[in-house]
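# A closer look at the structure
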Amino acid sequence: MTTPATPPRLELRHASKRFGEVRALIDASLTLRRGEVHALLGENGAGKSTLVKILAGVHQPDGGELLVDGQPCRFARPSAAIAAGIAVIYQEPTLFPDLSIAENIYMGRQPLDRIGRIRYDVMEQAVEEMLVSLGVQLKAAQLVRGLSIADQQVVEIAKALSLNANVLIMDEPTAALSKPEVERLFAIAERLRDAGVAILFITHRLEEVFRLTQRITIMRDGAAVHFAATSEMDHDSIVAKMVGRDLATYYPKVDVVPGEVALSVNKLTRRGVFKNISFDVRRGEIVALAGLVGAGRSEVARAIFGIDPVDGGEVLVQGKRLQLGKPALAVNAGLALVPEDRRQQGLALDLPIARNASLTVLARLGRHGLISANTERQLAAHWGGKLKLKAHTMDVAAGTLSGGNQQKVVLGKWLATNPHVLIIDEPTRGIDVGAKAEVYQTLTDLVQAGMAVLMISSELPEVLGMADRVLVMCEGRITADIPRSEANEERIMAAALGQAEQPLRRAA
Amino acid sequence: MNSIVHMPKAIPINSPTVPVEMTGLTQPASKTEPSRWFLFLGRHRESTLIAVLLALIAGTALASPHFLNLQNLRDVLLNVAIISMLTAGMTVVMLMRHIDLSISSTVGITAYAVGSLFVAIPGLPVPVAVLAGVLIGCAAGCINGALVTFGRVPSLVATLSTLYIFRGIDYAWVHGGQINATSLPDSFALLANGDVLGVPVLVLIALAVLTVIGYYLKHYRGGREFYAIGSNPEAANLAGIRVSRRVFKGFVLSGALAGLAGVLWLARFGTVDASTAKGIELQVVAAAVVGSVAITGGVGNVWGATLGALLLGVINLSLVVLKVSPFWQLAIQGALIVLAIATDTLLSRAIARWTMKKRDHGEA
Ligand SMILES: Nc1ncnc2c1ncn2[C@@H]1O[C@H](COP(=O)(O)OP(=O)(O)OP(=O)(O)O)[C@@H](O)[C@H]1O
Ligand SMILES: [Mg+2]
């Protein structure tokens with residue numbers, strides 16, 4: 001690494017930042033050196049993204065100093081940080097859906113000819129090469145609207161790389177990626193690191209920290225609390241520093257004797273998407289729906305809930321046939337769906353937390369058609385407390401919450417409906433370790449109280465740790481139904497890849 | 001504790017390699033093929049508009065022998081020329097997810113101001129008069145831009161107020177008076193009514209203005225920034241675009257075009273009073289929307305908007321030729337706007353659904 005003589009590439013000292021009443025940063029410090037990948041860790045709402053936005057010139061710190069190559073510096077706006085060689089991949093996608101991939105990548109920096117016209121040919125060729133080197137099948141001239149979340153992330157990465165920056169900041173870049181894409185990103189990060197780029201990497205997946213990073217900064221409640229070399233730390237010591245306590249059992253699985261069938265899906269088919277999907281979920285049971293991203297799991301959930309149309313099959317809730325295609329009827333029948341893309345599908349970002357949390361239960365809260373703000377706030381506070389929501393009051397706009405805390409609001413909103421059947425898509429994406437344990441505990445409490453849970457998850461340990469039964473989907477079909485006692489990683493992966501399995505219990 | 005293992009993403013399936021048991025899942029070719037028409041429509045909105053325009057002309061010509069003649073062509077082009085310049089300005093503003101309702105008042109006040117200038121200085125050179133009009137329009141645009149960017153007033157509210165304020169000033173100033181063609185030099189009237197090789201000068205001016213703006217929007221960084229801002233304002237800021245500055249410029253451009261349109265209005269009609277151009281802001285918005293400029297920003301271009309203006313102009317004339325009551329004209333304009341927006345929404349939904357399917361299953 002660098003000798004003491006060369007100053008660090010980027011240094012933030014004792015930065016603080018308030019948003020009105022909220023103290024997002026209190027005492028944040030960070031040293032980023034050339035040729036290292038540096039992990040920035042902390043619970044949801046610890047202030048990681050706020051720190052990133054200060055380095056990127058999006059927010060101005062209230063106090064503290066910023067040094068670039070040892071020189072004091074202030075970024076008045078994002079273009080100043082870009083000019084200083086800092087590239088940022090933000091936690092939320094920052095793309096222009098109506099423009100092409102190439103334009104998204106080069107916006108504001110398009111190659112020009114002598115009289116200032118944009119050279120589309122040069123631009124698209126450069127982007128085409130970049131996309132090939134990233135190993136994705138995207139076209140430079142393609143519109144961004146309609147890209148999957150993973151592909152959007154790839155465009156973000158390409159955008160950051162195209163800056164040829166010597167500081168690269170990545171705020172949870174891997175949250176929406178699956179294994180091969182993560183590996184590709186890591187290979188690129190390592191190449192850049194070896195070329196002397198300083199990389200700041202934020203993630204909630206600790207195994208990625210050990211895989212990629214050299215040093216660690218841990219934040220808690222707006223302050224940097226621990227600096228160390230990655231090699232000096234292990235999983236448990238990081239978690240302890242992050243949450244300020246030791247976590248008890250991670251997967252609080254209890255055995256519940258399953259009751260009667262709460263959700264029964266029969267030969268559900270949507271042409272081109274999934275076919276002959278049949279399974280039961282009993283009260284007190286957690287059934288995991290595993291499989292590769294794109295196997296059709298979320299689509300099945302959406303069809304059961306009535307969001308997407310189906311071409312055949314039926315769904316019974318508590319033994320009663322559910323009329324498909326009408327989400328309102330599904331809610332009335334006692335179904336709840338926590339969607340995968342929570343920011344887009346689950347939250348009204350401009351509304352206060354309390355209002356968001358009560359949207360699903362307005363009818364119940366109302367007295368003579370009027371809804372009392374107090375009842376709303378109580379409801380939000382109840383679930384907020386259960387999920388350890390970090391928010392100043394229940395009256396702030398949901399959009400100002402940290403990424404992980406937004407997810408908790410959506411979760412609380414659906415739990416407030418007291419459903420008989422909870423369908424939850426990727427329950428812990430973007431949620432920190434502490435809150436993960438809370439989510440697992442909540443799920444356990446819910447099934448103990450007799451709820452039936454269908455959990456879609458791509459995280460195998462979560463599936464193995466929490467599920468009573470694992471259904472595996474591959475290419476729109478259920479390829480395996482494995483009881484808890486027989487489930488292991490190999491069997492699930494084999495079924496997810498469509499390799500031969502023992503005959504199904506309920507063959508389609 | 002447990003390490004978290006992530007599952008690999010499904011390998012995209014391309015139709016030729018789809019395993020046998022999967023073919024039942026993929027849509028039969030006969031079902032996918034006809035569903036592509038919307039892709040064509042979505043990519044070629046301009047061609048669709050041209051087709052509708054031609055059909056309309058052919059239909060009216062068949063119904064009435066008095067429709068197809070040079071005088072009507074000339075009238076339509078002259079009418080649309082001024083509207084289309086305003087529509088170009090509106091396009092720029094709408095691309096940024098804003099709106100400028102004040103343009104009609106700007107046109108009115110500029111026309112009267114330039115007319116008064118001619119009354120005060122009879123020998124005023126025509127280029128100076130045009131420049132004066134554009135500058136007055138710029139000033140109006142600056143006020144709108146300042147309200148929206150510095151004042152953070154939503155553009156709908158800001159320009160609705162300036163629509164009334166500018167018109168109010170106009171009324172107070174004109175005070176029941178009028179500018180007459182007799183006060184205007186002949187060389188000035190030629191701006192609108194002169195011909196070059198049989199083409200009205202006004203139409204040539206409009207074409208030149210539209211070409212410059214259309215080219216700028218497509219080929220210059222500044223032009224693309226209008227799209228970026230409307231498509232995702234927050235991302236535009238993060239990409240280093242000076243959003244406020246660009247929005248301000250957009251409103252100034254819209255104002256400048258309204259100023260130019262005011263001068264040309266004066267040249268064309270000669271008579272100007274306090275209610276000149278009242279209400280055309282909605283015609284202009286309608287033309288832009290019919291020309292598939294999205295009110296939600298980020299989508300559209302000057303040529304589409306111009307076709308929208310042309311279509312509305314031809315419809316109005318057709319209704320006159322077919323002796324339809326003027327009340328119906330408004331209703332038909334309204335219906336057309338609804339139709340345009342509905343088509344856009346349905347198209348984009350169809351396309352979104354299609355790309356989603358294609359993405360998940362490697363079809364097509
Ligand atoms: N614009 C804003 N207005 C008000 N409060 C804000 C704003 N931005 C962030 N905050 C608050 O600042 C705190 C820190 O948020 P930040 O986004 O930095 O957390 P984070 O560490 O990135 O969390 P996560 O892991 O969930 O992404 C949170 O309590 C959040 O609600
Ligand atoms: Mg964050």
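The side chains of a regular strand alternate, residue by residue, between the two faces of the sheet. Residue and element names in this part refer to chain A. Pairing between strand β11 (residues 261-270) and strand β14 (residues 312-317): 5 bridges, direction antiparallel. The partner of Ser264 across the bridge, within β14, is Leu316. Between β14 and strand β15 (residues 320-321), which pair antiparallel one after the other, the connecting turn spans 2 residues, and Gln318 there sits at a positive phi close to 50°.

The next subject is the domain arrangement of chain A. Residue and element names in this part refer to chain A. Here the domain parsing of chain A yields domain 1 (10-95 + 144-246) and domain 2 (261-496). Between domain 1 and domain 2, the C-alpha centre-to-centre distance is 30 Å. Both faces combined, the contact of domain 1 with domain 2 buries some 1,500 Å², and carbon together with sulfur accounts for 55% of it. For the pair domain 1 and domain 2, the number of links is 0 salt bridges. With 3 residues, the top contributor of residues to the side of domain 1 that touches domain 2 is helix α8 (residues 235-243). Grouping the constituent residues of the side of domain 1 that touches domain 2 by class yields 6 nonpolar, 6 polar and 6 charged.

Let us now look at a nonpolar patch on the surface. On the surface, Val196(B), Leu197(B), Val199(B), Leu204(B), Leu207(B) and Trp303(B) cluster together to form a nonpolar patch covering roughly 560 Å² of accessible area. Among the structural elements, Val199(B) can be located in strand β2 (residues 199-200).

Residues and elements named next belong to chain A. Spatially, β16-β17-β18-β13-β19-β20 is the arrangement adopted by the 6 strands of the open sheet, whose pairing is mixed. The strands lining the two open edges of the sheet, one partner per strand, are β16 (335-338) and β20 (477-483). In this sheet, neighbouring strand axes are inclined to one another by 15° on average, regardless of whether the strands run parallel or antiparallel. Two elements, strand β13 (residues 286-291) and strand β18 (residues 452-456), share 4 bridges in a ladder whose sense is parallel. Directly across from Val287, in β18, lies its bridge partner Leu454.

What follows concerns the sheet that holds β11(A). All names here are of chain A. Taken in spatial order, the 4 strands make up an open sheet running β12-β11-β14-β15, and their pairing is antiparallel. Two strands close off the open sheet at either side, each with one partner strand: β12 (274-282) and β15. Looking at chain direction, β14 and β15 are connected through 2 bridges and run antiparallel. By the bridge assignment, Leu316 is partnered in β15 with Arg321. Against the sheet, helix α9 (residues 297-305) makes contact with β11, β12 and β14, and its axis sits at roughly 70° relative to β12, the strand it touches most.

Note on metal sites: the ideal angle is 109.5 degrees for four tetrahedral donors, and 90 or 180 degrees for six octahedral donors. Around the magnesium ion (ligand 2), the donor atoms from the protein are Ser49(A) (OG) and Gln91(A) (OE1), and they sit 1.9 to 2.0 Å away. Taken together, the residues span a long stretch of sequence, with Ser49(A) in helix α1 (residues 48-55) and Gln91(A) in the loop between β6 (86-89) and α3 (101-106) at a distance of 42 residues.

Turning our eyes to something else, we now look at the environment of Glu234(B). Among the secondary structure elements, Glu234(B) is positioned in helix α11 (residues 233-238). Take Glu234(B): its relative accessible area is 59%, and that puts it in the exposed class.

All names here are of chain A. Of all 6 residues making up strand β19 (residues 469-474), 6 are buried, and the element is well covered by its neighbours. Residues Arg469, Leu471 and Met473 point to one face of β19 and Val470, Val472 and Cys474 to the other, with burial holding for every one of them. Sheet topology note: the β13/β19 ladder contains 5 bridges and is parallel. Bridge pairing in β19 places Leu289 opposite Leu471. Pairing geometry for β19 and β20, over 6 bridges, is antiparallel. Within the sheet, the bridge partner assigned to Arg469 lies in β20 and is Pro483. Connecting β19 to the next strand, β20, in antiparallel fashion are 2 residues, including Glu475 with a positive phi near 50°.

Residue and element names in this part refer to chain B. Between helix α9 (residues 201-219) and helix α14 (residues 302-321), the least distance of the axes is 9 Å, while the angle of their chain directions is 140°. By the angle class used here, α9 and α14 are oblique. Facing α9, whose interface residues are Leu210, Thr211, Ile213, Gly214 and Leu217, α14 presents Val302, Trp303 and Thr306. Taken together, the residues that form the contact of α9 with α14 break down as 5 nonpolar, 3 polar and no charged.

Further remarks concern the nonpolar core. Counting 91 residues, the largest nonpolar core has Leu86(B), Val107(B), Phe188(B), Ile213(B), Leu217(B) and Leu266(B) as the members making the most contacts within it. When residues of this core are assigned to their parent elements, the largest contribution, 14 residues, is made by helix α4 (residues 70-95) of chain B. Not counting chain neighbours up to four residues away, the residues in contact with Leu86(B) comprise Ile103(B), Val107(B), Leu257(B), Ala258(B), Ala261(B), Ile280(B) and Val284(B). The next biggest cluster of nonpolar side chains, apart from the first, holds 69 residues, and it includes Val265(A), Val287(A), Ala288(A) and Ile423(A).

The predicted model of chain A averages 83 in pLDDT, with 89% of residues at 70 or higher. Throughout residues 501-508 of chain A the model reports pLDDT below 50, and contacts reaching past four residues in sequence, or to other chains, amount to 18 contacts.

Turning next to α9(B). When the terminal C-alpha atoms of α9(B) are compared, their 27 Å separation across 19 residues agrees well with the 27 Å that a helix rising 1.5 Å per residue should span. Of the positions making up α9(B), those classed as buried are Val201(B), Leu202(B), Val203(B), Ala206(B), Val209(B), Leu210(B), Ile213(B), Gly214(B) and Leu217(B).

Residues and elements named next belong to chain B. Summary statistics for chain B give a mean pLDDT of 82 and a share of 84% for residues scoring 70 or more. Counting contacts from residues 1-34, a segment whose pLDDT is below 50, to residues more than four positions away or on other chains yields 75 contacts. Here residues 360-364 scores under 50 on pLDDT; set against residues more than four positions off or in separate chains, the count is 18 contacts. Interface confidence for the predicted complex, given as ipTM, is 0.80, next to a pTM of 0.76.

Residue and element names in this part refer to chain B. With 26 residues, α4 extends 35 Å from end C-alpha to end C-alpha; this agrees with the ideal 38 Å at 1.5 Å per step. Within α4, 19 of the 26 residues are buried, which leaves the element mostly enclosed by the surrounding structure. The N-capping residue of α4, defined by a side-chain oxygen 3.2 Å from the backbone nitrogen of Gln71, is Asn69. Once α4 finishes, Arg97 follows within two positions and takes phi at roughly 70°, a positive value.

Attention now goes to the environment of Arg242(B). Among the secondary structure elements, Arg242(B) is positioned in the loop between α11 and α12 (243-269). Each C-alpha atom of the pair Arg242(B) and Ile229(B) lies 9.7 Å from the other, and the pair is 13 residues apart in sequence.

So, on to unusual backbone geometry. All names here are of chain B. Here Arg152, not a glycine, exhibits a phi torsion of approximately 55°, which is positive. Within the secondary structure layout, Arg152 lies in the loop between α6 (126-149) and α7 (155-174). A residue is classified by how much of its surface remains accessible, and Arg152, at 68% relative accessible area, is exposed.

The subject of this paragraph is the packing of helix α8 (residues 186-193) of chain B against α12(B). In helix packing, the relevant descriptors are the interaxial angle and the interaxial distance, both defined with respect to the helix axes. Residues and elements named next belong to chain B. Following both chains from N to C, one finds α8 and α12 inclined at 100°, their axes separated by 7 Å at the closest point. Judged by the angle between their axes, α8 and α12 are roughly perpendicular. Contacts between α8 and α12 involve Phe188, Ala189, Leu191, Ala192 and Asn193 from the former and Val263, Leu264, Leu266, Ala267 and Arg268 from the latter. Grouping the constituent residues of the contact of α8 with α12 by class yields 8 nonpolar, 1 polar and 1 charged.

Residues and elements named next belong to chain A. Contacts to ligand 1 come from 20 residues, most closely from Gly45, Lys48, Ser49, Thr50 and Gly404. Between ligand 1 and Gly47, the relevant distance is 2.9 Å, taken from an oxygen atom to a main-chain nitrogen or oxygen of the residue. At 2.7 Å from an oxygen atom of ligand 1 is found a side-chain nitrogen or oxygen belonging to Lys48. For ligand 1, the accessible surface in isolation is 640 Å², of which the surrounding protein chains cover 87%. Taken together, the elements giving at least two residues each to the shell around ligand 1 come down to β2 (22-32), α1 and α15 (403-415). For the shell around ligand 1, the element with the highest residue contribution is α1, accounting for 3 residues. Looking at the shell around ligand 1 residue by residue, the classes come out as 5 nonpolar, 11 polar and 4 charged.

Within this structure, the stated rule accounts for 7 aromatic pairs over all chains. Between Tyr112(B) and Trp173(B) the ring centres are 5.2 Å apart and the planes differ by 85°, which places this aromatic pair in the edge-to-face class. With a gap of 61 residues between them, Tyr112(B) in helix α5 (residues 103-120) and Trp173(B) in helix α7 connect regions that are remote in the sequence. Taking relative accessible area as the criterion, Trp173(B) reaches 42% and is therefore assigned partly exposed. With a centroid separation of 5.1 Å and an interplanar angle of 50°, the aromatic rings of Trp265(B) and Phe269(B) are classed as tilted. Placement of the pair is Trp265(B) and Phe269(B) together in helix α12, with a separation of 4 residues, close to one helical turn. Among the aromatic residues, those joined into a ring-pair cluster are Tyr215(B), Tyr216(B) and Tyr220(B). A cation sits over an aromatic face here: Lys218(B) above Tyr120(A), 4.6 Å from the ring centre.

Rules used throughout
- Residues numbered from 1 in each chain as written.
- Chains lettered and ligands numbered in written order.
- Predicted model: local features only at pLDDT ≥ 70, side-chain atom pairs only at ≥ 80, totals over all residues.
- Heavy atoms only, no water.
- Pairing = 2+ DSSP bridges.
- Helix = DSSP H or I, 4+ residues; strand = E, 2+ residues; numbered from the N terminus.
- Domains from an automatic or database assignment.
- Buried area = accessible area lost by both parts, 1.4 Å probe.
- Salt bridge = Lys/Arg side-chain N within 4 Å of Asp/Glu carboxyl O.
- Nonpolar A, V, L, I, M, F, W, Y, C, P; charged D, E, K, R; others polar.
- Patch = residues over 30% accessible without salt bridge, like charges linked within 9 Å, V, L, I, M, F, W, Y side chains within 5 Å.
- Areas by Shrake-Rupley, 256 points an atom, 1.4 Å probe, with all protein chains shown as cover.
- Axes fitted to C-alpha atoms, helices over the stretch in contact; angles between N-to-C directions.
- Contact = heavy atoms within 4.5 Å.
- Donors = N, O, S within 2.8 Å, 3.2 Å for Na, K, Ca; no water.
- Buried < 20%, exposed > 50% of the residue type's maximum accessible area, 1.4 Å probe, protein only.
- Parallel < 35°, antiparallel > 145°, perpendicular 65-115°, else oblique.
- Core = buried A, V, L, I, M, F, W, Y, C linked by side-chain atoms within 4.5 Å.
- pLDDT = per-residue confidence, 0-100.
- Expected span 1.5 Å × (residues − 1).
- Polar contact = N/O pair within 3.5 Å; in protein donor to acceptor, adjacent residues only side chain to side chain.
- Near = heavy atom within 4 Å.
- Phe/Tyr/Trp six-rings, centres within 6.5 Å; stacked < 30°, edge-to-face > 60°.
- Lys NZ or Arg CZ within 6 Å of the ring centre and 35° of its normal.

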